Amino acid sequence: MFVYADNAATTSVSKAALDAMMPYLTENYGNPSSLYAFGQKASEALQEARETVARCINCEPREIIFTSGGSEADNQAIVSAAKLGARKGKKHLISTQFEHHAVLHTLSKLEKEGFEVTLLDPHSDGVIRVEDVAAAIRPDTALVTIMFANNEIGTVQPIAEIGALCREKGIPFHTDAVQAAGHMPIDVKAMNIDMLSMSGHKFHAPKGVGVLYARRGIVLTNIIEGGAQERGKRAGTENVAGIVALAAALKESCDHMEENTARIIPMRDKLFAELSKIPHSKINGSLEHHVPGTVNMCFEGIEGESLLLLLDDAGICASSGSACTSGSLDPSHVLLSIGLPHEVAHGSLRLSIGEYNTMEQIDHIVETVPKVVAYLRSMSPVWDELQKGERPHLI
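Note that this is a predicted model, so its numbers are computed, not measured. Residue numbers restart at each chain and count upward from 1, following the sequence in its written direction. Local features in this predicted model are restricted to residues of pLDDT 70 or higher, and side-chain atom pairs are both shown and tallied only at a pLDDT of 80 or more, whereas totals for entire chains, interfaces and linings draw on every residue. Hydrogen atoms and water are omitted, and side-chain values are computed over all heavy atoms in the structure.

A. Main features of the overall build of the protein. Every helix listed is a DSSP run of H or I at least four residues long, and every strand listed is a run of E at least two residues long, numbered separately from the N terminus. When helices and strands are counted, the protein shows 13 helices and 12 strands. In this treatment the radius of gyration is a C-alpha quantity, and the globule benchmark scales as 2.2 Å times the residue count to the 0.38 power. By the compact-globule yardstick of 21 Å for 395 residues, the protein fits well, its C-alpha radius of gyration being 22 Å. When the 395 residues of the protein are sorted by exposure, 55% land in the buried category. Counted over contacts in the protein with a minimum sequence separation of 6, partners at least 24 positions apart contribute 73%. Total accessible area on the protein stands at roughly 16,500 Å², and carbon and sulfur atoms take up 53% of it. We score Asp and Glu as negative and Lys and Arg as positive, and we do not count His or the chain ends. To locate a charge, the coordinates of NZ of Lys, CZ of Arg, CG of Asp or CD of Glu are taken. Where the 35 positive side-chain charges of the protein centre and where its 49 negative ones centre are 6 Å apart. Burial classification: accessible surface area is computed with a 1.4 Å probe over protein chains only, and a residue below 20% of its type maximum counts as buried, one above 50% as exposed, and the rest as partly exposed. Any two residues whose heavy atoms approach within 4.5 Å are treated as being in contact. In this description, accessible areas are obtained by the Shrake-Rupley approach with a 1.4 Å probe, and a residue is regarded as covered only by the protein chains that are shown.

This is the structure:
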């Protein structure tokens, strides 16, 4: 049996998205910046997509900027707020230790340019506390950027409360919503979100297309210079087919969010319940504040890489963390940030399921993972030492 359980890394393109995009790859392939009627058909499709995305997150169409994905959107949001703050003498930025590297690396670059960055430690449950954000705010704070849902452990942050705090203090608030868009309700007005990033391939649109929402009045700094596309804030001929597909996929996901969630949660909960029976295993992150489909666990005495390779042999696609760092031999910075020791963090497994998965596939996972863990432990000198009491168990 083949089981794709890595939907947090990417998703398949839905039929709705594929059907929507195909005409703009074949007969309606005009450049939306062209003045003739053929090009204006593409321009109209672009505007319709903008309106669709805006309705999904409750904003104005003109507040939507189409990008190449979540990383570009994160970069532009953070750099824009930093540059705006610097012009006002504010060069302090607040984020968290367990952000996606698109955020962390952008902040690191800004530090080299003279900005000061405060990275908040998440609590052991993988949730940032509003009071910690409040305590970090200074008179020179130019931006707070905190992810909506963590990409590795699936914990959801108190975005509305943080947004309300930032609005009260007059500080721009950005959230990386790449793992939340299409899977959780988002209302940028009600949540006091000033800027938000999303990526189409996380909710069944193609790769290479994303969105930056920037509240009206936010002055954006260009990351890509060139033409006047996207109101002059993102140069380059728009990926009309990808954008139309993104809008269709997001609308479908939002329209069916309630029923998809009702389908996914029982599968996720079964994974948690059955895999927790493995001795010396640990669930990572709060189950109370959690996206529907992500399961992250650690198994003591094994290496996550070996676990993934053997699961692959059994037809199961999974990960040990972010797909963007899958080539790294270092333990997950997310797991280290919530207090797990290196030895435990190395034995992590992330399973992320979606509405296309079935309970039969979940049964295959819960039957396979304990066998693979037991096999790896049987060959592990570390596990042997743990069993003999020569070193203490950490889980």
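Anyway, onward from the coordinates.
B. Representation of the packing of aromatic side chains in the model. Planes of paired rings set the category: under 30 degrees apart is stacked, over 60 is edge-to-face and the rest tilted, where pairs are Phe, Tyr or Trp rings (Trp by its six-membered ring) whose centres lie within 6.5 Å. On inspection of all chains with the given rule, the structure shows 1 aromatic pair. Seen in terms of ring centroids, Tyr29 and Phe38 are 5.0 Å apart; in terms of plane orientation they differ by 80 degrees. Their pairing is edge-to-face. A relative accessible area of 56% places Tyr29 in the exposed class. Whether a charge lies above a ring is judged from NZ of Lys or CZ of Arg, which has to be within 6 Å of the ring centre and within 35 degrees of the ring normal. The residue whose ring lies beneath Lys91 is Phe115, and the NZ or CZ to ring-centre distance is 4.8 Å. A cation over a ring is seen here: Arg377 above Trp383, with NZ or CZ 4.0 Å from the ring centre.

C. Summary view of the nonpolar core. Within the largest apolar cluster, 61 residues are counted, with the highest numbers of intra-cluster contacts made by Ile64, Val133, Val144, Phe148 and Ile186. For this core, the leading source of residues is helix α7 (residues 240-255), giving 7 residues. Not counting the four nearest positions on each side in its chain, Ile64 is found in contact with Arg50, Val53, Ala54, Ile57, Cys59, Val211, Leu212, Tyr213, Glu230 and Arg231. Take the buried residues of types Ala, Val, Leu, Ile, Met, Phe, Trp, Tyr and Cys, join any two whose side-chain atoms come within 4.5 Å, and each joined set is a nonpolar core.

D. Inspection of unusual backbone geometry at higher detail. Backbone geometry places Arg231, a non-glycine residue, at a positive phi of 55 degrees. Even without glycine at this site, His280 takes up a positive phi of about 55 degrees. Tracing the backbone through its elements, the reader meets His280 in the loop between α8 (257-275) and β9 (281-283).

E. Geometry of the sheet that holds strand β5 (residues 141-145). Strand pairing is assigned whenever DSSP detects at least two bridges linking the two strands. Read across the sheet, 7 strands follow the order β2-β8-β7-β6-β5-β3-β4 without closing on themselves; strand pairing throughout is mixed. Two strands bound the open sheet, and with one partner strand each, they are β2 (64-67) and β4 (116-120). Averaged over all neighbouring strand pairs, the angle between strand axes comes to 20 degrees, with direction disregarded. Here strand β3 (residues 92-96) pairs with β5 via 3 bridges, running parallel. Considered in β5, the bridge of His92 is made with Thr141. Between N-to-C directions, angles span 0 to 180 degrees; the directions come from axes that are lines fitted to C-alpha atoms, helices contributing only their stretch in contact.

F. Structural context of a nonpolar patch on the surface. Patch criteria: residues need more than 30% relative accessible area and no salt bridge. Like-charged residues are merged within 9 Å; nonpolar side chains of Val, Leu, Ile, Met, Phe, Trp and Tyr are merged within 5 Å. Put simply, a salt bridge is a Lys or Arg side-chain nitrogen that is within 4 Å of an Asp or Glu carboxyl oxygen. There is a patch of nonpolar side chains on the surface, built from Val13, Leu18, Met22 and Leu25 and spanning about 330 Å² of accessible area. By the secondary structure assignment, Leu18 is in helix α1 (residues 15-21). Residue class for Leu18 comes out partly exposed when judged on its relative accessible area of 40%.

G. Main features of the pairing of strand β6 (residues 173-176). The alternating pattern of β6 places Phe173 and Thr175 and His174 and Asp176 on opposite faces, both of which are buried. The sheet contact formed by β5 and β6 spans 2 bridges and is parallel. By the bridge assignment, Thr145 is partnered in β6 with His174. A crossover counts as right-handed when, viewed with the strands pointing away from the observer, the path leading from the first strand over the helix to the second turns clockwise. Once the chain exits β5 it traverses helix α6 (residues 159-169) before rejoining the sheet at β6, and the crossover so formed is right-handed. Across 3 bridges, β6 lies against strand β7 (residues 195-199) in parallel orientation. Bridging from a neighbouring strand, Thr175 pairs with Leu196 of β7.

H. Structural context of the state of the cysteines. Disulfide assignment relies on a single distance test, namely cysteine sulfur atoms paired within 2.5 Å. For the structure on display, the rule yields 0 disulfides. Distance from the sulfur of Cys59, which forms no disulfide, to the nearest cysteine sulfur (Cys56) is 9.5 Å. On the basis of relative accessibility, which here comes to 11%, the residue Cys59 falls in the buried class.

I. Inspection of empty space enclosed by the protein at higher detail. A cavity, in this analysis, means grid points on a 1 Å lattice covering only the protein atoms where a 1.4 Å probe fits yet has no way out; a pocket is instead an open set bounded by protein on both sides within 12 Å along at least five of seven lines, and a residue lines either one if it has an atom within 4 Å of a point. Grid points are joined across faces, edges and corners, and a volume is the space filled by probe spheres set on the points. In the structure shown here, the tally under the stated rule is 2 cavities of 30 Å³ or more. When its volume is computed, the largest cavity comes out at roughly 170 Å³. Three classes are used, and their members are as follows: Ala, Val, Leu, Ile, Met, Phe, Trp, Tyr, Cys and Pro are nonpolar, Asp, Glu, Lys and Arg are charged, and the others, Gly among them, are polar. Residues belonging to the lining of the largest cavity are distributed by class as follows: 5 nonpolar, 9 polar and 2 charged. In this model, the second largest cavity occupies a volume close to 60 Å³. Considering every element that reaches the lining of the second largest cavity, the biggest residue donor is α8, with 4 residues. Of the residues in the lining of the second largest cavity, the class split is 3 nonpolar, 5 polar and 1 charged.

J. Structural context of the pattern of salt bridges. Applying the stated criterion across every chain, the model contains 18 salt bridges. Linking Asp19 and Lys15 is a salt bridge whose minimum nitrogen-to-oxygen distance equals 2.6 Å. Of the two residues, Asp19 and Lys15 both sit in helix α1, 4 residues apart, roughly one turn of that helix. Lys15 gets classed as exposed once you look at its relative accessible area, which sits at 63%. Residue Asp255 is joined to Lys251 by a salt bridge in which the shortest nitrogen-to-oxygen separation is 2.7 Å. On the criterion of helical spacing, the pair formed by Asp255 and Lys251 is a turn pair, its members being 4 residues apart in helix α7. Put simply, Glu116, Arg138 and Asp140 are held in one network by salt bridges that share partners.

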